[in-house]
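# Commentary on secondary and tertiary structure
Chain by chain, the residues:
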Amino acid sequence: MLSKKLISLLLFSASTHAQPLNILLYHHVAEQTPHSTSTRLVHFQNQLDHFIEQGYQIVDLEHATRQIQQGNVLTRKSLALTFDDGFSSVCDIAYPELKKRGLPFTVFVTTDPIDKGYPGYCSWSQLKEMSENGATIANHTTDHAHLVSEAFTNTEWFDDAKTNIIQAQNTIERRIGKAPMLFAYPYGEYNKALKQWLNEQGYVSFGQQSGSVGSTSDFQALPRFNAAGHYASLTSLRNKITASPLLFDYSELPDPLTTNNRPSVTVTLQPSNEAYYPHLQCFFNGKPIEVEWLSTTKFSAMPPTPQSNGRHRLNCTAPHRNGSPYYWMSQQWLIIPSN
Ligand SMILES: [Zn+2]
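Calculation notes
- Residues numbered from 1 in each chain as written.
- Predicted model: local features only at pLDDT ≥ 70, side-chain atom pairs only at ≥ 80, totals over all residues.
- Heavy atoms only, no water.
- Axes fitted to C-alpha atoms, helices over the stretch in contact; angles between N-to-C directions.
- Helix = DSSP H or I, 4+ residues; strand = E, 2+ residues; numbered from the N terminus.
- Parallel < 35°, antiparallel > 145°, perpendicular 65-115°, else oblique.
- Contact = heavy atoms within 4.5 Å.
- Nonpolar A, V, L, I, M, F, W, Y, C, P; charged D, E, K, R; others polar.
- Donors = N, O, S within 2.8 Å, 3.2 Å for Na, K, Ca; no water.
- Buried < 20%, exposed > 50% of the residue type's maximum accessible area, 1.4 Å probe, protein only.
- Core = buried A, V, L, I, M, F, W, Y, C linked by side-chain atoms within 4.5 Å.
- Pairing = 2+ DSSP bridges.
- Disulfide = S-S within 2.5 Å.
- Domains from an automatic or database assignment.
- Buried area = accessible area lost by both parts, 1.4 Å probe.
- Salt bridge = Lys/Arg side-chain N within 4 Å of Asp/Glu carboxyl O.
- Polar contact = N/O pair within 3.5 Å; in protein donor to acceptor, adjacent residues only side chain to side chain.

## Topic: the packing of helix α4 (residues 88-101) against helix α6 (residues 124-131)
- Following both chains from N to C, one finds α4 and α6 inclined at 10°, their axes separated by 11 Å at the closest point. Considering the angle they form, α4 stands roughly parallel to α6. Between α4 and α6, the residues in contact are Val90, Cys91, Asp92, Tyr95 and Lys99 and Gln126, Leu127, Glu129 and Met130, respectively.
- Its residues assigned to classes, the contact of α4 with α6 shows five nonpolar, one polar and three charged.

## Let's talk about the coordination of the zinc ion
- In this structure, Asp85 (OD), His140 (NE2) and His144 (NE2) serve as the protein donors to the zinc ion, at separations of 2.1 Å.
- Considered as a linear motif, the donors of the zinc ion on their single chain read D-x54-H-x3-H. Of this pair, Asp85 sits in strand β3 (residues 78-85) while His140 is found in the loop between β5 (135-139) and α7 (157-176), placing the two residues 55 residues apart along the sequence.
- Residue His140 is classed as buried on the basis of its relative accessible area, which comes to 0%.

## Points about the nonpolar core
- Counting residues in hydrophobic clusters, the biggest one holds 36 residues, and the most contacted among them are Phe51, Leu81, Phe83 and Leu127.
- Among the nonpolar cores identified, the runner-up in size contains 22 residues, and Phe248, Leu269, Leu280 and Phe299 belong to it.

## Some remarks on unusual backbone geometry
- Going from Ser324 to Pro325, the amide bond is cis rather than trans, its omega being 5°.
- Take Pro325: it is sitting in the loop between β16 (310-319) and β17 (326-335).
- Backbone geometry at Asp85 places phi at a positive 95°, although glycine is not the residue there.
- The backbone of His144 shows a phi angle near 60°, a positive value even though the residue is not glycine.
- Topologically, His144 is positioned in the loop between β5 and α7.

## Things to note about the sheet that holds strand β11 (residues 265-268)
- In space, the three strands of this open sheet follow the order β11-β15-β14, with antiparallel pairing throughout. Of all the strands in the sheet, just β11 and β14 (291-293) have a single pairing partner and so form its edges. Put simply, the sheet's adjacent strands are angled 25° from each other on average, direction ignored.
- Pairing between β11 and strand β15 (residues 298-301): four bridges, direction antiparallel. Bridge assignment links Thr266 to a residue of β15, and that residue is Ser300.

## Some thoughts on the state of the cysteines
- Counting across every chain of the model gives two disulfides.
- The cystine pairing of the protein chain, numbering bonded cysteines in sequence order, is 1-2, 3-4.

## So, the domain arrangement of the protein chain
- In terms of domains, the protein chain is made up of domain 1 (4-242) and domain 2 (250-335).
- Taking the mean C-alpha position of each, domain 1 and domain 2 sit 24 Å from one another.
- Of the residues lining the interface, 22 residues belong to domain 1; the matching set on domain 2 comes to 20 residues.
- Note on domain 1 versus domain 2: buried area summed over both sides is about 1800 Å², and carbon and sulfur give 57% of it.
- The largest per-residue losses of area from domain 1 upon contact with domain 2 belong to Phe152, Lys192 and Thr216, which jointly make up 25% of the total buried on that side.
- Where domain 1 meets domain 2, there are one salt bridge.
- For the salt bridge of Glu189 with Arg311, the shortest nitrogen-to-oxygen distance reads 2.7 Å.
- Counting the contacts that link domain 1 with domain 2 gives eight residue pairs in polar contact (both at pLDDT 80 or more).

## Description of the pattern of salt bridges
- By the definition in use, this model includes nine salt bridges.
- Across the pair Glu132 and Lys128 runs a salt bridge, and its minimum N-O distance is 3.5 Å.
- Given a relative accessible area of 52%, Glu132 falls into the exposed group.
- Here the salt bridges share partners, and the residues they tie into one network are Asp49, Glu97, Lys100 and Arg101.

## Describing the pairing of strand β12 (residues 281-284)
- On β12, burial follows the alternation: Cys282 and Phe284 on one face are buried, whereas Gln281 and Phe283 on the facing-out side are not.
- Across four bridges, β12 lies against β16 in antiparallel orientation. Bridging across to β16, Gln281 finds its partner in Thr317.
- Here β12 pairs with strand β13 (residues 287-289) via three bridges, running antiparallel. When the bridges of β13 are listed, Phe284 appears paired with Lys287.
- Between the antiparallel neighbours β12 and β13 lie two residues, among them Asn285 with a positive phi of about 50°.

## What about the environment of Glu292?
- Its place among the elements puts Glu292 in strand β14.
- Sequence separation between Glu292 and Asn154 is 138 residues; the distance between their C-alpha atoms is 36 Å.

Right, here's the structure in full:
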């Protein structure tokens, strides 16, 4: 008889040609909702058909991220589909398309508006039915709070954040019958203390910064690619579904919550025969910025001018030596006032 370990090796070969996992982020699949968070149905259908035609396996988010976390590798190019907030178009419009194609997906729900039966949100009975047909229903807090924005000014912030997450988890457990240990930060906002607590609780957690998932990822701040608004077209998505992670220890990234209005990231990349570091480029809020190289594998990137309070995004990409695909890293900053 084959041992459990051998079976696992056969399924998740320790081959050096590990395939990355790219996670897509959706909110609405609809026409009339805000453009930046909406994917039109025709685009959504085209995306799903394209993924299947191109040979992607659409994976169960929890299973795939746990496998990578445990050091196993994906042997097929893989995508996971996630939907934040639990908006009604996900249940009414996206779900029939996903069910028809037999694809798994995850809905990160904000539990209060669903409990209160707010218009524009899925109902618990819809979510329960979806959970019996390929959907994972997971935690996105009770009320979509800015969990860490008062971390420097309000001593209660940490207890409030923990209570919020625990309550949402209990509600999902009660309504759906099971609650996986998956958490998506509202607005993609987190800090080191919250990440550490989520890790101790056994969660895998997701941000809203771009990037690809691999063995060196931070499993309390996994990146997701936005597949809505300007990013919904196949042209825009092509570089993302083929992306790989820039390889370095992501747990060494600085705390994204800062009072510094010119926050800086320093990254020490693993040597690579594939990613072409001399062509690495960084973008701050979508605009190219200068990269300072401290060695052939170590660079720093910061915005050239002081930034306003609020969320900002740093993306860095390097092409493969042959031109494509692209290797990514990203950090979302949350700058808050110093007083
Ligand atoms: Zn959200």
